[in-house]
Amino acid sequence: MLPTDKLPVEPVLQVRGLSKSFGSNQVLRGIDLEVPRGKVVALIGPSGSGKTTILRSLNGLETPDAGAVTMGARDAAPSGRKGAEKPLTVDFGAASPSKKERARQLAALRDRSAMVFQHYNLFPHKTVLENVIEGPVYVQKRPRAEAVAEAEALLARVGLLEKKDAHPFELSGGQQQRVGIVRALALKPQLLLFDEPTSALDPELVDDVLAVIKELAEEGWTMVIVTHELAFARQTADEVVFMDDGVVVERGPASQVLRNPKEERTQAFVRRLLHEI
Amino acid sequence: MDFNLFWSSLGPLLLGAIQGTIPLALASFALGLLLALVVAIMRISSNKLVSGLGRVYVSVIRGTPLLVQLFVIFYGLPAVGVKIDPWPSAIIAFSLNVGGYAAEVIRAAILSVPRGQWEAGHMIGMSRNQALLRIILPQAARVSVPPLSNTFISLVKDTSLASLILVTEMFRVAQQVAAFSQEFMLLYLEAAAIYWVICLVLSTAQTRVEKRLDRYVAH
């Protein structure tokens, strides 16, 4: 697990002027974002506001049109990729590099971050344990025995050790998502990205998953969470960023943004979500 | 009907199936699948030239009759100095044919794997090729089983065309016995029945495999 006593609060993630269009639809219009080590940032906002696109860009699953992403030096590079001990900046605005160079940049981003998907995206042909060790063993080339031991410890933490030989289709959505979280943790990322981790779940399964994420936050993991669970965001996030239409409308401490939002759009959004409950 | 002839010809016909039809189908299917995998991966390449080559190949194979392909290889190629024996000719023609059809099956199966699976592969740090090999193809293989079984069943029946380039498989044996005994109806129905039994066995096996594999596929 990551050390929680981090004296100089260096940013693990810094995003400057991130922009992205899909065709004529501009989904990100110059986003700035900073996540200090050990902090949790919740991205909230209406669907289509660009939250998920930010997250996907951080994991190299989308290529922004402009802007830069800087990820801090990582303490230990499990994959042994060169350059991991230095901060990494990918400037998407720079004259587009060769395909190979771009792929290398995106791979470097992924080397430092891990994502938990809305629809889990577990590998259906692999068992729970195989899902978790796939990255550590086959990508990061870590010894199998070590990866298995770590995976089992992580699975035990989320109460799924006895399911390690099950296939995803034998698990509930909540269990699958907890495996998704363990798969991300097993990569030893310095930044955890959650893309609406509970919005595909049946309501009664949401709490188990949120409890796991909350625990990770308390442990000092650095996280960016896209969520519609405002109560969870208030309890877990250090900072809440409200986005609408591709821009950051408001940001600040969770309690302030969610309880006393300054901007009208934030007020309307929070009111609407609270009324739904 | 001459039942004595039925029983006495059953042995040679089955021998023709075991020594001709079945190995011909198996060898051609195995080679054809390998070829199909390569062509399917070419077809999904982002390189236009590579995917274009794959597309042309599939188009030519699917747009021309199998019998014509067989004849071009066995009777046509000697005209340009390439003489190939009946057996290898048949295997080449059938493999090329299966390659064209199965390539489309495999390509469709690869495309049917949800994009989230590619993304999860990339997320854990895999390159495109690693994700293809370890995440996508195993799932595509499972999706491909029903249509590929159909391709195989068709192939078993199509091997009868090899009789026309002098390969001694089951149907050629039937033709020979029929010509000798003049019992055309009996021999051809007998051959038909054996093809049918082989295909019944194959489709029963197919149903079983499908049921087992379906669970391991992302829906």
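Residues numbered from 1 in each chain as written. Chains lettered and ligands numbered in written order. Predicted model: local features only at pLDDT ≥ 70, side-chain atom pairs only at ≥ 80, totals over all residues.

This next bit is on the overall build of chain A. Along the backbone of chain A there are 9 helices and 10 strands. Rg of the C-alpha trace for chain A: 18 Å, near the compact-globule value of 19 Å for 277 residues, within the 12% margin. On the principal axes, the C-alpha backbone points of chain A span a range of 55 × 45 × 40 Å. (Helix = DSSP H or I, 4+ residues; strand = E, 2+ residues; numbered from the N terminus. Rg over C-alpha atoms; globule rule 2.2 N^0.38 Å.)

Residues and elements named next belong to chain B. Here Ile-153 shows up in helix H6 (residues 128–158). C-alpha of Ile-153 to C-alpha of Leu-202: the two residues are 49 residues apart in sequence and 7.1 Å apart in space. The residues contacting Ile-153, other than those within four sequence positions of it, are Cys-199, Leu-202 and Ser-203. (Contact = placed C-beta atoms within 7 Å.)

When two helices pack together, you describe them by how their axes are tilted relative to each other and by the distance separating the axes. All names here are of chain A. The geometry of helix H3 (residues 128–139) relative to helix H5 (residues 173–186) is characterised by a closest axis approach of 8 Å and an angle of 25 degrees between their N-to-C directions. Considering the angle they form, H3 stands roughly parallel to H5. For the element pair H3 and H5, the recorded crossing hand is right-handed. Where H3 approaches H5, its residues Val-128, Asn-131, Val-132, Ile-133, Gly-135 and Pro-136 are matched on the opposing element by Val-179, Val-182, Arg-183 and Ala-186. Broken down by class, the residue content of the contact of H3 with H5 amounts to 7 nonpolar, 2 polar and 1 charged. (Axes fitted to C-alpha atoms, helices over the stretch in contact; angles between N-to-C directions. Parallel < 35°, antiparallel > 145°, perpendicular 65-115°, else oblique. Left-handed = near helix turned anticlockwise from the far one by under 90°. Nonpolar A, V, L, I, M, F, W, Y, C, P; charged D, E, K, R; others polar.)

This brings us to the interface of chain B and chain A. Between chain B and chain A, the residue contacts involve 17 residues of the former and 23 residues of the latter. Every element with two or more residues in the side of chain B that touches chain A is listed here: helix H5 (115–123) and H6 of chain B. It is H5 of chain B that contributes the most residues to the side of chain B that touches chain A, 6 residues altogether. Partitioning the side of chain B that touches chain A into residue classes produces 9 nonpolar, 5 polar and 3 charged.

Further remarks concern the sheet that holds strand S1 (residues 11–22) of chain A. All names here are of chain A. If you walk across this open sheet you meet the 4 strands as S2-S1-S4-S5, and the pairing is antiparallel. A single partner strand is all that each edge strand has here, and the edge strands are strand S2 (25–36) and strand S5 (88–91). Within the sheet, the average angular offset between the axes of one strand and its neighbour, ignoring direction, is 10 degrees. Two elements, S1 and strand S4 (residues 66–71), share 5 bridges in a ladder whose sense is antiparallel. Counted as the bridge partner of Ser-19 is Ala-66 from S4. Packing against the sheet, helix H2 (residues 99–112) makes contact with S4 and S5, and its axis sits at approximately 140 degrees to S5. (Pairing = 2+ DSSP bridges.)

This next bit is on the nonpolar core. Judged by nonpolar contacts, the single largest core of 119 residues is most densely connected at Ala-42, Leu-43, Val-132, Leu-193, Ile-225 and Val-240 of chain A together with Ile-106 of chain B. The biggest single contributor to this core is helix H4 (residues 86–112) of chain B, with 13 residues. Judged by nonpolar contacts, the second largest core, of 9 residues, contains Leu-13, Phe-171, Val-173 and Ala-174 of chain B. (Core = buried A, V, L, I, M, F, W, Y, C linked by C-beta atoms within 7 Å. Buried ≥ 20, exposed ≤ 12 C-beta atoms within 10 Å, placed from the backbone.)

Now for helix H1 (residues 51–58) of chain A. For H1 of chain A, the buried fraction is high: 7 of the 8 residues fall into the buried class. Gly-60 of chain A, located one to two residues past H1 of chain A, shows a positive phi value of around 70 degrees.

With that out of the way, let us pick up unusual backbone geometry. The phi angle at Glu-196 of chain A is positive, at roughly 40 degrees, despite the residue not being glycine. Locating Glu-196 of chain A in the fold gives a position in the loop between strand S7 (191–195) and helix H6 (203–219). For Glu-196 of chain A, a count of 21 C-beta atoms within 10 Å translates into the label buried. Even without glycine at this site, Leu-166 of chain B takes up a positive phi of about 70 degrees. Residue placement: Leu-166 of chain B occurs in the loop between H6 and helix H7 (170–181).

The next thing to look at is the confidence of the model for chain B. For chain B, mean pLDDT is 93; residues scoring 70 or higher make up 97% of the total. Confidence metrics for the complex model read pTM 0.87 and ipTM 0.90. (pLDDT = per-residue confidence, 0-100.)

Residue and element names in this part refer to chain A. By the alternation rule, side chains of strand S8 (residues 223–226) split into Met-223 and Ile-225 and Val-224 and Val-226, which are all buried. Of the strand pairs in this sheet, strand S3 (residues 40–44) and S8 are connected by 4 bridges, and their pairing is parallel. Counterpart to Val-41 in the pairing with S8 is Val-224. Note: S7 against S8, 4 bridges, orientation parallel. Residue pairing for S8: Leu-193 is matched across the bridge by Val-224. Taken together, S7, H6 and S8 constitute a β-α-β crossover, and its handedness is right-handed. (Right-handed = clockwise from strand over helix to strand, strands pointing away.)

Residues and elements named next belong to chain A. Reading across from one edge, S6-S7-S8-S3-S9-S10 is the order of the 6 strands in this open sheet, with mixed pairing throughout. Each of the sheet's edge strands pairs with one partner strand only, and the pair in question is strand S6 (113–116) and strand S10 (247–253). Neighbour-to-neighbour, the strand axes of this sheet turn through a mean angle of 20 degrees, independent of strand direction. With 4 bridges connecting them, S6 and S7 associate as parallel partners. For Val-116, the partnering residue across the bridge sits in S7 and is Phe-194. Running at roughly 150 degrees to S8, H6 makes contact with S3, S7 and S8 of the sheet.

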